[in-house]
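# Breakdown of the fold
Here are the chains, one letter per residue:
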Amino acid sequence: MAYLELKNVNKTYGQGKGSTQVLSDINLEIEEGEFVAIVGFTGSGKTTLVNLINGLLEPSSGEVLFKGKPVRGTSHERGVIFQNYSLLPWLSVGQNVYMAVKEAFPKENKQLLHERVKEYVDMVGLTPAYNKRPKELSGGMRQRVAVARALAMNPEMIIMDEPLGALDALTRGNLQDEILNIWSKNKRTALLITNDVDEGIYMADRIIPLKPGPNATLGPEFRIDIERPRDKTELNDNPNFKKTRNAIIEYLMDIGDQRKAISQKEYSLPDISPKGFVA
Ligand SMILES: Nc1ncnc2c1ncn2[C@@H]1O[C@H](COP(=O)(O)OP(=O)(O)OP(=O)(O)O)[C@@H](O)[C@H]1O
């Protein structure tokens, strides 16, 4: 039995004539302890897929199973780091993380919870901003709070919806390493949604492209045959990295071209010119 399984999942928004089928026939199996990345174009249905796995949405048909049971609503077992960090604006950084940790460990001693909050706020480099409110933070800092909040809840499965997109390269690299650390040290299962192929190859065991929609569906998987821990600086010279990167990019460009060909309509302009105009 797979740890997470999506069986023939379809998702349509709306009804009747105005409805759009966003995801079509999604089949996915993730084993316990695996790190899987899904790469896709903007608007292809990545967030819809995350919300189905998280339990915020229900499939129009098909099944989403977590540890063999249908997903019904959200659960602390699956922690999501969203693209839009959705912090509570009236709470400080520490309080935002504390709220989540308190919910995840309701019976835990207060002192231990505060220590846990401090540890994760420190991990994302925000100790100096511990008492600041979200409005006093930059977008990247808010995103780091969201990362700390999700990881501090110690979820069994970490689901990430383009969590590092708004960050500068250095912070992004540090957080990728922290997420990998937590994933490997605590033997977690992870699903990363990204539009960055290099990030996917650096972090994941498998990359699966999401073909653009409407009717977006998963493409063939690419296994990342590079030993861990991976070294970012050496990756560029690794023949396996180059081969895998080229294969994925070629695949994405191919489906991108097909998408353009489908959406390209020809318009002919009327053959007119102002009165008396001579070319
Ligand atoms: N609640 C909704 N009602 C109707 N259509 C929706 C709804 N949510 C998303 N869509 C449509 O579904 C499609 C996929 O959206 P989704 O947000 O899942 O894509 P995405 O790949 O995450 O996009 P991005 O990379 O831009 O965040 C889009 O065409 C979007 O307009």
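Note that the structure is a prediction, hence the values are computed from the model and not measured.

### Considerations on the UniProt feature "domain: ABC transporter" (unreviewed entry) in the protein chain
When the UniProt feature table is mapped onto this chain numbering, "domain: ABC transporter" (unreviewed entry) sits at residues 4–237. The span residues 4–237 is 33% helix and 24% strand, and its two end C-alpha atoms sit 34 Å from each other.

### Some details on unusual backbone geometry
With glycine set apart, most residues show a phi of negative sign, and most peptide bonds adopt trans. Look at the link from arginine 228 to proline 229: it is a cis peptide, with omega at -10°. Its location among the elements puts proline 229 in the loop between strand S10 (222–223) and helix H7 (232–235). Positive phi, normally seen in glycine, also occurs at asparagine 154, with a value near 55°. Note on placement: asparagine 154 falls in the loop between helix H4 (139–152) and strand S7 (157–161). Look at asparagine 154 and you get partly exposed, because its relative accessible area is 30%. In this structure, lysine 187 takes a positive phi of about 50° despite not being glycine.

### Re the site of the ligand
If you check the shell around the ligand, you find Tyr13, Val22, Phe41, Thr42, Gly43, Ser44, Gly45, Lys46, Thr47, Thr48, Gln83 and Glu162 and nothing else. Between glycine 45 and the ligand, the recorded distance is 2.9 Å, taken from a backbone N or O atom to an oxygen atom. In this structure, lysine 46 approaches the ligand through a side-chain N or O atom, which is 2.9 Å from an oxygen atom. Look at the ligand: alone it shows 640 Å² of surface, and the protein chains cover 55% of it. Considering each element in turn, the shell around the ligand owes the most residues, three residues, to helix H1 (residues 46–54). Classifying every residue of the shell around the ligand gives three nonpolar, seven polar and two charged.

### Thoughts on the packing of helix H3 (residues 110–123) against H4
Helix-helix packing: each pair is described by the crossing angle between the helix axes and the interaxial distance. Two elements in contact, H3 and H4, have axes whose closest approach is 9 Å; the angle formed by their N-to-C orientations is 135°. Classed by the angle they form, the pair H3 and H4 counts as oblique. At the point where H3 passes H4, the crossing takes the right-handed sense. Seen from H3, the contacting residues are Arg116, Tyr120, Val121 and Met123; seen from H4, they are Ala148, Leu151 and Ala152. Considering only residue class, the contact of H3 with H4 consists of six nonpolar, no polar and one charged.

### Notes on helix H2 (residues 93–104)
Taking 1.5 Å of rise per residue, 12 residues should cover 16 Å, and H2 covers 17 Å from first to last C-alpha, within 8% of that figure. Inspection of H2 places Val93, Gly94, Asn96, Val97, Tyr98, Ala100, Val101 and Ala104 among the buried residues, and these make up the whole buried set. Lining the buried residues of H2 we find H3 and H4.

### Things to note about the environment of glutamate 227
Here glutamate 227 shows up in the loop between S10 and H7. Linking glutamate 227 and glycine 213, residues 14 residues apart in sequence, is a C-alpha distance of 34 Å.

### Considerations on the nonpolar core
Counting 51 residues, the largest nonpolar core has Phe35, Val97, Leu151, Met160, Ile201 and Ile248 as the members making the most contacts within it. Per-element tally for this core: the top contributor is H4, with six residues. If we ignore the near neighbours within four places in the chain, the residues touching isoleucine 201 are Ile207, Ile224, Ile226, Arg230, Phe241, Thr244, Arg245 and Ile248. Val22, Leu28, Ile30 and Ile208 belong to the second-largest nonpolar core, a separate cluster that totals 27 residues.

### Considerations on helix H5 (residues 169–185)
Residues spaced three or four apart along an α-helix face the same direction, because each turn holds 3.6 residues. Spanning 17 residues, H5 covers 24 Å between terminal C-alpha atoms, matching the ideal 24 Å at 1.5 Å per step. Turning to H5, its buried residues are Thr171, Arg172, Gly173, Leu175, Gln176, Ile179, Leu180, Ile182 and Trp183. Positive phi shows up at lysine 187, right after H5, with a value of about 50°.

### Comments concerning the pattern of salt bridges
If you walk through the whole model with that rule in mind, you get 10 salt bridges. Of the charged contacts, one joins lysine 67 and glutamate 77 as a salt bridge, the two residues approaching to 3.1 Å between their closest N and O atoms. Pair noted here: lysine 67 is in the loop between strand S4 (61–66) and strand S5 (69–70) and glutamate 77 is in the loop between S5 and strand S6 (78–81), with a separation of 10 residues, a long-range link. Given the relative accessible area of 31%, lysine 67 is considered partly exposed. Between arginine 223 and glutamate 221 there is a salt bridge, with its nearest N and O atoms 3.4 Å apart. You can call arginine 223 exposed: its relative accessible area is 54%. Bridged by salt links that share partners, the residues Glu34, Arg206, Glu221 and Arg223 form one connected network.

What counts, and at which threshold
Residues numbered from 1 in each chain as written. Predicted model: local features only at pLDDT ≥ 70, side-chain atom pairs only at ≥ 80, totals over all residues. Heavy atoms only, no water. UniProt positions renumbered as here; feature names shortened; annotations may be inferred. Helix = DSSP H or I, 4+ residues; strand = E, 2+ residues; numbered from the N terminus. Buried < 20%, exposed > 50% of the residue type's maximum accessible area, 1.4 Å probe, protein only. Near = heavy atom within 4 Å. Polar contact = N/O pair within 3.5 Å; in protein donor to acceptor, adjacent residues only side chain to side chain. Areas by Shrake-Rupley, 256 points an atom, 1.4 Å probe, with all protein chains shown as cover. Nonpolar A, V, L, I, M, F, W, Y, C, P; charged D, E, K, R; others polar. Axes fitted to C-alpha atoms, helices over the stretch in contact; angles between N-to-C directions. Parallel < 35°, antiparallel > 145°, perpendicular 65-115°, else oblique. Left-handed = near helix turned anticlockwise from the far one by under 90°. Contact = heavy atoms within 4.5 Å. Expected span 1.5 Å × (residues − 1). Core = buried A, V, L, I, M, F, W, Y, C linked by side-chain atoms within 4.5 Å. Salt bridge = Lys/Arg side-chain N within 4 Å of Asp/Glu carboxyl O.

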